[in-house]
Amino acid sequence: MKSDIDQEEIAKRRGIYFPAFSIYGGSSGLFDYGPYGSIIKENVQNIWKEMMFAEGPVTLLDSPALTLQAVLKASGHYDRFFDYSVQCKACKTKFRADDIVESLGLKVVLDQDYLNKVIKENNIKCPKCGGDFDDVKIHKLMFQVDQGENVDPLFLRPETAQGIFVNFKEFYRFFREKLPFAVIQLGRGYRNEISPRRGLYRLREFNMMECEVFLDPLDEKWVNEPYNDFKIHYVTNTDEELFITPKEAYEKGIIKSQPLAYFTGFAFKFYKRIGLDENKIRFRQHKKEDLSHYSSDTWDAEALTDLGWIEITGIAHRGTYDVGRHIEYSGKDLYAQRIVEPHKEKRIEIEPNFKEIKKDFGDKAGEVIKAINNGSKSVFIDNAEISLEKYIIKRDVEVTVDRESFVPIVVEPSFGLDRIVYALLDHNFSKREENGYIYLKIPPEVAPFVAGIYPLFPKEDLERVANDVYHRLLKDGLRVIYDDSGSIGKRYARYDEVGVPFGITIDYDTLKDNTVTIRFRDTTEQIRVSIDELSSKLRELVWTGRKS
RNA sequence: GCGAGUGUAGUGUAGCGGUAGCACAGAAGCUUCCCAAGCUUCUAACCCGGGUUCGAAUCCCGGCACUCGCACCA
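Cut-offs used in this document
The residue numbers shown here count from 1 along each chain, following its written sequence. A letter from A marks each chain and a number from 1 marks each ligand, given out in the order of writing. This being a predicted model, a pLDDT of at least 70 is required before a residue's local features are given, and a value of 80 or more before pairs of side-chain atoms are given or counted; all residues contribute to the totals for chains, interfaces and linings. Side-chain measures here rest on the full set of heavy atoms in the structure, leaving out hydrogens and waters. Residues belong to one nonpolar core when they are buried, are Ala, Val, Leu, Ile, Met, Phe, Trp, Tyr or Cys, and are joined through side-chain atoms within 4.5 Å. Burial status follows relative accessibility: with a 1.4 Å probe on protein chains alone, a residue under 20% of its type maximum counts as buried, one over 50% as exposed, and anything between as partly exposed. The way it works is that DSSP assigns letters per residue, a run of H or I at least four long becomes a helix, a run of E at least two long becomes a strand, and they are numbered from the N terminus. Reported domain spans reflect what an automatic or database domain assignment gives. Residue contacts are defined here by distance: any two heavy atoms, one from each residue, within 4.5 Å place the two residues in contact. What counts as a salt bridge is simple: a side-chain nitrogen of Lys or Arg found within 4 Å of a carboxyl oxygen of Asp or Glu. We call a residue near a molecule or strand as soon as one heavy atom of that residue lies within 4 Å of the molecule or strand. In protein, a polar contact means a hydrogen-donor-capable atom and an acceptor-capable atom, both N or O and within 3.5 Å, with residues adjacent in sequence counting only if both atoms are side-chain atoms; elsewhere, any N or O pair within 3.5 Å suffices. To be clear, the arc concerns the directions from the helix axis to the C-beta atoms. Between any two strands, at least two bridges found by DSSP are needed for them to pair. For helices, the fitted axis covers only the stretch in contact; all axes are lines through C-alpha atoms, and the angles between them, taken along N-to-C directions, range from 0 to 180 degrees.

1. Things to note about the nonpolar core
So, step 1. Membership of the largest hydrophobic core comes to 79 residues, with the highest contact counts inside it found for W48, F270, Y271, F283 and F415.
So, step 2. The element contributing the most residues to this core is helix α9 (residues 258-274), with ten residues.
So, step 3. Each of domain 1 (7-74 + 146-322 + 410-418) and domain 4 (441-544) accounts for three or more of the residues forming this core.
So, step 4. Here F283 is in contact with I232, H233, Y234, V235, T264, A267, F268, Y271, W299, D300, A301 and I315, once residues within four sequence places are set aside.
So, step 5. Membership of the second largest hydrophobic core comes to 24 residues, among which are I453, Y470, I518 and F520.

This is the structure in structure tokens:
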């Protein structure tokens, strides 16, 4: 599995990506994308965005990375704010302190002192070797940003999704109150990983492309049918391996949710288009015990790389969890509505009996009315509990109902951009059989430059024409790069290595007949075209070089 | 975060108490030269901070980073 091509060595040497702040020693889990890498990454992002918009009812959000504490309390992240670990002194095995306490049927409170006390008092031993435990240690999983003494801190978001959920009503209106629709967000997330490692695989600050699909639970269907024109490698939670189309996966009940099935296909198409090796992609269903607290079903897309199978995308069924929690915690109406057959419904209307309340409570009437409006059964006035029963007027009414509220469910395809870039490089660095030179065979539309412009050798007349060609292509909106240093073979090799798919060479024939050669990265073959048709030829080559 | 190992030009490495060499890459030039050719010249490094020593890249301590295991991984 381990290839003899060292991705990190090339990435560092050629400025694709490299450790950030390295002149000061760096900091683990932080990387810079250099000149080539940031363009490749941006191209991948743009293709994803373009494909998402092509779905139809999809819009974009850009929300802050700094997130209010209240939002993360509602989302449940705040409770997982700390990781409590405890280590066996003897065998050095580490456990989650809350798991240890829970496994013995003891009450779990997520508090360092509490867990420490429980483990010490109950004399809990290491389940592996029976040794004594060291003290409980905590690890913060979210980065906290203090605002000042009397204000709750902010947190760097651990995922971009919450920004979308809290704005559900905004989008619901934008889509004129019709489901389904989806909102995408591209941005950075932050997690204080205990040990960030393996280059781009586990970062403290990472790029995500997230999509939240909002659906009516009674009509859980995305606007497009699951694909039926290609087969995907699925691994179920019972380790069954299947090669079937997304449509089959849905119809056979392998994937119960239509949008979940659909987006496995979407992800697969996207991977193929940006140039991942389709034979090194699989979709693996989370085991029941590995599912997150909110999800009933999750499928991870995994790519086979030097690091083994790595997770590059998670497609999760989040149910009504997210919007439901924000309704609960914010007290705001984040419901969607569906049209139903108009029908009469009996209801009981409640109204405070203002006269009686004023009579009995005088200037405390306000408190009582407030309590009634909050739905309380009783209220404390001057330390006495008073039943509100007799101050409420109840009326039986009949209303016509033609719509009902519900909490939308969410399906979330969430793409880890850095890992996708990692896999993309891993799948595309190739070695030429004849000479062992490395080239990066990524699709033209992902490549950092469409073409390199090279005078055959450094003579003033050739350089002048090459420069004209270069500026002409730039004006035509093509991303090209000019290079006249070293031999022509060296220049070809230099840009092969970073994936530039075409080389335009200006030679002595160019001076005679205004033609240049286009040399192909993957085959090293050349064709001759006139300078006038160069732009349109390159565009055509980029287009036909598209995968899927 | 724990344990083990490793940090020398952009990259890969040599040197292991007397202040750095090689290869490739890079720059300038020569070469009528289409696949990293050759020649000349040049640029460029001891992870950071302390200590020991007359003298430290080399020995010791601390930090940082990387690799591998353990643990963690919404």
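2. Points about the domain arrangement of chain A
So, step 1. Each assigned domain of chain A is listed with its residue range as follows: domain 1 (7-74 + 146-322 + 410-418), domain 2 (82-140), domain 3 (340-400) and domain 4 (441-544).
So, step 2. Using only C-alpha atoms to locate each centre, domain 3 and domain 4 end up separated by 79 Å.

3. Focus: the pattern of salt bridges
So, step 1. Overall, the coordinates contain 27 salt bridges when judged by the stated rule.
So, step 2. One salt bridge in this structure joins E497 and R14, with 2.9 Å as the shortest N-O distance. In this pair, E497 is assigned in the loop between α15 (488-496) and β26 (502-506) and R14 in the loop between α1 (7-13) and β1 (17-19), connecting sequence segments 483 residues apart. With respect to class, E497 is no different from R14; both count as buried.
So, step 3. Between R284 and D300 there is a salt bridge, with the nearest N and O atoms lying 3.9 Å from each other. Taken as a pair, R284 in strand β14 (residues 281-285) and D300 in strand β15 (residues 297-305) lie far apart in primary sequence, 16 residues in all.
So, step 4. Judged by relative accessible area, D300 falls into the buried class, the value being 3%.
So, step 5. Residues joined by salt bridges that share partners form a network here, namely E9, R13, R14 and E497.

4. Considering the protein's contact with RNA strand B
So, step 1. Among the 44 residues in the neighbourhood of RNA strand B, the closest are listed as E9, R202, R494, D507 and Q526.
So, step 2. In the model, a phosphate oxygen of RNA strand B is placed 3.1 Å from a nitrogen or oxygen of the S28 main chain.
So, step 3. Of all the secondary structure elements, the ones that give two or more residues to the surface near RNA strand B are α1, β6 (94-96), α15 and β27 (515-520).
So, step 4. With six residues, the top contributor of residues to the surface near RNA strand B is α15.

5. Quick word on α15
So, step 1. Three or more residues of α15 are buried, namely I488, R491, Y492, Y495 and D496. What you see down the axis of α15 is that its buried residues fit within an arc of 135°, all on one side.

6. Things to note about the sheet that holds strand β13 (residues 241-244)
So, step 1. With mixed pairing, the nine strands of this open sheet are ordered in space as β3-β10-β11-β21-β16-β15-β14-β12-β13. Every interior strand has two partners, whereas the edge strands, β3 (58-60) and β13, have only one. Taken pair by pair, the neighbouring strands of this sheet meet at an average axis angle of 25°, ignoring direction.
So, step 2. In terms of strand pairing, strand β11 (residues 205-215) meets strand β21 (residues 409-416) through six bridges, oriented antiparallel. Within β21, the position partnered with M208 by the bridge is G416.
So, step 3. Where α9 meets the sheet, its contacts fall on β11, β12 (232-235), β14, β15, β16 (308-319) and β21, and the angle it forms with β16 comes to roughly 145°.

7. Structural notes on unusual backbone geometry
So, step 1. Following L179, the chain continues to P180 via a peptide bond in cis, the omega torsion being 0°.
So, step 2. As for its placement among the helices and strands, P180 is situated in the loop between α7 (168-174) and β10 (181-190).
So, step 3. Phi is positive for R176, which is not a glycine, with a value near 50°.
So, step 4. Structurally, R176 is set in the loop between α7 and β10.
So, step 5. The phi angle at E177 is positive, at roughly 55°, despite the residue not being glycine.

8. Some details on the sheet that holds strand β24 (residues 451-455)
So, step 1. Pairing within the open sheet is mixed, and its five strands lie in the order β25-β24-β26-β27-β28. With partners counted over all chains shown, the strands left at the sheet margins are β25 (480-482) and β28 (526-530), one partner each. Averaged over all pairs of adjacent strands, the angle between their axes in this sheet comes to 25°, without regard to strand direction.
So, step 2. In the sheet, β27 pairs with β28 via five bridges, with the strands oriented antiparallel. In the strand pairing of β28, I518 is matched with I527.
So, step 3. Here α15 sits on the sheet and contacts β24, β25, β26, β27 and β28; the angle it forms with β24, its principal contact strand, is near 170°.

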